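Structural description and commentary
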Amino acid sequence: MAGRRRRDDGSAANAMMGDKGTGTGTIESPETPATPATPATPATPATPATLYGPVSLGFGVIALIAAFFLGFFALLAGSLAITFGVLGLISGYNRPQCLAGLVLGAVGVLHPLSFLFAFTGGF
């Protein structure tokens, strides 16, 4: 084994065969084709379920504001806020926003209904 050198690619079989190598000391590697750059993926998947939280919160705020001025519109916006809030809590995306929209929507619905029951004695 004395006097035998290993090839630059580190192959022991070639060294035993008496191949002297190039002597440059660099490891030659086959050229790999360039891979195209992949776009960055978003942190959350782009599904409609990711919009339940912001939509629920928006309708909840509108329902709360409209509860003091436009009772019928508050009932409509509040019911949409409750619907989107429940859907968002089930899907699991933006849970704090869904919960806030659900609470604001419930207040927006219950406020006009409480005045309806208090001043008219019911339906």
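Note that the structure is predicted; figures quoted are calculated from it, not measured.

Relative orientation and spacing of two packed helices are given, respectively, by the angle between their axes and the distance between those axes. The N-to-C vectors of helix α2 (residues 52–66) and helix α4 (residues 95–120) enclose an angle of 25 degrees; their axes lie 7 Å apart at closest approach. Taken together, α2 and α4 sit at an angle that is classed as roughly parallel. Here α2 and α4 pass one another in a crossing that is left-handed. Listed contacts from α4 to Tyr52, Gly53, Pro54, Ser56, Leu57, Gly60, Val61, Ala63 and Leu64 of α2 are Gln97, Cys98, Ala100, Gly101, Leu102, Leu104, Gly105, Val107 and Gly108. Of the residues contributing to the contact of α2 with α4, the split by class is 11 nonpolar, seven polar and no charged.

Where α2 meets helix α3 (residues 71–91), the closest approach of the two axes is 7 Å, and the angle between their N-to-C directions is 155 degrees. The angle between the axes of α2 and α3 places the two elements in the roughly antiparallel class. By crossing handedness, the relation of α2 to α3 is classed as left-handed. Each of Tyr52, Val55, Ser56, Phe59, Gly60, Ile62, Ala63 and Ala66 in α2 lies in contact with α3, whose residues at this interface are Gly71, Phe73, Ala74, Ala77, Gly78, Leu80, Ala81, Phe84, Gly85, Leu87, Gly88 and Ser91. Per-class residue counts for the contact of α2 with α3 are 13 nonpolar, seven polar and no charged.

About the criteria used
Residues numbered from 1 in each chain as written. Predicted model: local features only at pLDDT ≥ 70, side-chain atom pairs only at ≥ 80, totals over all residues. Heavy atoms only, no water. Axes fitted to C-alpha atoms, helices over the stretch in contact; angles between N-to-C directions. Helix = DSSP H or I, 4+ residues; strand = E, 2+ residues; numbered from the N terminus. Parallel < 35°, antiparallel > 145°, perpendicular 65-115°, else oblique. Left-handed = near helix turned anticlockwise from the far one by under 90°. Contact = heavy atoms within 4.5 Å. Nonpolar A, V, L, I, M, F, W, Y, C, P; charged D, E, K, R; others polar.

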